[in-house]
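The chain contents come next:
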Amino acid sequence: MFSPRENHAVAIQHRFSVQDDGSVISQDVIYVVGGFINVKQAFCANRSCGPADGYKLAMGDAWMSSDGGVTWIQIKKAFGSSNNAYIGRGSHKAVVVEDRLMIFGGETFNPVARHTTYLNDVWQVSLPTEPCCEGCVTNTSCLPNDSDWNMLTSNAEWHERSGHTVVFEPPSSNNAFRHRVYLMGGKDATDIFSDVWTWSLDPDEEWINDIVQLETTNSSENQANDAFVSVASPLSKSKRFHLPLVGIDGQLSKFTPHVRNSIADRSDLDVMESVGVRTVGDLVSADLYTILKLRGFDYPGRTVTAVRNLCLLREIAISLVKKCSVTGPTNSRVDDGWKTGKLQIESVPKSSFCGVGDDTKPCERGDWDGCSPIPDVSVVDVFGLGDVDVPQGLHSVSSIIQETFCLQVPASRYMGAAEFIDSKVVVMGGVGHDDMILHRDSWTRDEKNPKAVITTKPRSRSPQFQFYFDSNEAGAHVFEYKIMRDETDITPWLITTKQRGVNVAWLDNKKGGPGRGWYTLYVRAVDPAGNRDALFSTQANVHRWYYVPPIPYGVVSGCIVTALLLIVAVYFEHRRRKRRAIIRKFELRRLRRKFKLKSENDTTFASTGHSGRDGPSSNSHQTSSRRRHHSRREERSNHEGSHSRSRHSHSHRSKSRSTGHARTESHVRRRKRRSAREEEERLVRRRERDKYLGEYYPNMSTRR
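These figures come from a predicted structure and were not determined experimentally.

### Comments concerning the overall build of the chain
Broken down by element type, the chain carries 10 helices and 33 strands. Within the structure as shown, the chain displays about 41,400 Å² of accessible surface, and the carbon and sulfur contribution to it stands at 52%.

Structure, rendered in structure tokens:
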């Protein structure tokens, strides 16, 4: 049985064999390797030495149990082994990979020098693959010996560490049947790590810093990792990404990745590395003089090489820190003052704070970052440098930031746990930078990019406007889409879901959209790990179509109804005016006929009552004579009547009665003749009216 210890490594091997009768015999073997024990006292020659409370001793032994931990067998001695290259260690990691037991790193302790040494070597031990028989103590074929312990490398690519975790990923269809080992986290004497390393188990191949170094591969799937950056990412990962354009024929048949263009070339990166600026965080936290030196401003008499697009790189770095960090670094200048221009620039005469520039230039007091524009200021006087040009505008980096994603990795930790479960690497818990910080989170590694498919799309030259998407991953229900027209972005990357899809009815110019034309929609699926489509094709996630705005049936119907109402109104108005004109015409004809009849009557009366042979003068004379005769007769009648009125009153009254009666009968006859004449005229007018109305309204009934 092994001695009490801590920080040892444990691994389990599953053995099985198929018998002649077809039965399967299986066996699980537990391995315990190394660890620390506490030694209370040591003897130096003839005296005791060492600390009073003892010291830890790194053990180099190894034990195995094939019965579930009841019986333990030592397979390697702690001391005096023939293989002296293997060093006793603790806080290391042991993993069984098929027929090998592999040991990674750890730490060892020298009790004499009281010094801890961290390791980054890799060892492997050959193991039997079939179960051992009963009585394994005597069956040496089941036990590995010292010659089976071989060192694969004494200095791996990852930094020396202890307390890390290691997971073996067996070959499967998900990883193209590759063997891989993952090493994560750990610590040394000064730092705690959060990096992840992978290895293919081939001694001739090197370890790869996961995500960071995958960009060197030619795989189109791994090219998508260029877009994942963090504060610790090198500045060489700052790139512009452009979507592949659809051809004139409207097809992008091959699955094509983004077009990538580096913002800084190798010479610019070398200049920045010469002043200690290598990562995104370094550029954000660089001081004023470092930024100005990279811009080409140095102390008088010195010549420096300016970095092209330095302020653009800095703006990108600041935006990435804001996007990927809850709060920026404490020594960085990530604040609103950069955007608002609230910089303390004093417009005072030259003083000890100023440099050797023009006295009329404002002095810089150390609160300018070297790239941000200053309102109404084009040149500032920097102490020790003189006049320095001030950029007059900020660079637009929104399109670059939209194509760049935050690299999500577990926080720095050690003594965590990791396993391969359900085809995924799972990391759980651990100790953070402060021993009082204990992580209780869980992380899964997912490097597989989802693939989006457009399931419903509008036909070209149609007013259809609805899109729906799907993906090949069950958990990828979130999609991002972008619409372009003639290589110009109509929208940025917008978020939607599988159920909601995308409605592009807003393209209608009647709703304020750009109207009819050729458009291209790109869509990419997003899984819970943040992975996105790396390839684009019109066969899956790209659609180009000619949009035609829909016919406004409501407006058309309203116009038709309005036109019909106007036609009906015009018809009735025309009919009313026409009838009114006919009536006026009839009245005018009646007036004309009446005037004509009156004229004829007057003419007839004049011809019968006043006609004579002597002409007008004779007629006038006869008329005046007749009037005088009538006047004398009336006077004579009146005179005679006045003399005989008293004598003949009775006879006169009788005569008056008979004369009045005769006058009444004459008046009645005249009235009858006048009524008959008016009735005849009325009948004539009615016949004429019916005649005119019949000409224009044949179906109109008239009163007879």
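### Focus: the sheet that holds strand β11 (residues 165–169)
Taken in spatial order, the 4 strands line up as β11-β12-β13-β14 in an open sheet, and their pairing is antiparallel. Each of the sheet's edge strands pairs with one partner strand only, and the pair in question is β11 and β14 (208–209). Relative to strand β13 (residues 196–199), strand β12 (residues 180–184) runs antiparallel, the two sharing 4 bridges. Paired with Tyr182 across the strands is Thr198, a residue of β13.

### With respect to helix α4 (residues 288–295)
Taken across its 8 residues, α4 has 6 buried, putting it largely inside the fold. Of all the residues in α4, the buried ones are Leu288, Thr290, Ile291, Leu292, Leu294 and Arg295. One or two positions beyond α4, positive phi appears at Gly296, with a value near 105°.

### With respect to the layout of surface pockets
The calculated volume of the second largest pocket comes to roughly 640 Å³. Around the second largest pocket, the lining comprises 21 residues; the ones closest to its centre are Ile12, His14, Val95, Val96 and Phe168. Those elements that place two or more of their residues in the lining of the second largest pocket are β1 (9–18), β7 (93–97), β11 and β23 (417–421). If you tally residues by element for the lining of the second largest pocket, the top one is β1, at 7 residues. Classifying every residue of the lining of the second largest pocket by side-chain character gives 14 nonpolar, 3 polar and 4 charged.

### Here's the deal with helix α2 (residues 266–274)
Of all the residues in α2, the buried ones are Asp268, Leu269 and Met272. Seen along its axis, α2 keeps its buried residues to an arc of 100°; they face one direction. Among the structural elements, α4 and α5 (310–324) are those in contact with the buried residues of α2. Positive phi shows up at Gly276, right after α2, with a value of about 85°.

About the thresholds
Residues numbered from 1 in each chain as written. Predicted model: local features only at pLDDT ≥ 70, side-chain atom pairs only at ≥ 80, totals over all residues. Heavy atoms only, no water. Helix = DSSP H or I, 4+ residues; strand = E, 2+ residues; numbered from the N terminus. Areas by Shrake-Rupley, 256 points an atom, 1.4 Å probe, with all protein chains shown as cover. Pairing = 2+ DSSP bridges. Buried < 20%, exposed > 50% of the residue type's maximum accessible area, 1.4 Å probe, protein only. 1 Å grid on protein atoms, 1.4 Å probe; cavity = no way out; pocket = protein on both sides within 12 Å on 5 of 7 lines; lining within 4 Å. Points joined across faces, edges and corners; volume = space filled by probe spheres on them. Nonpolar A, V, L, I, M, F, W, Y, C, P; charged D, E, K, R; others polar. Arc of directions from axis to C-beta. Contact = heavy atoms within 4.5 Å.

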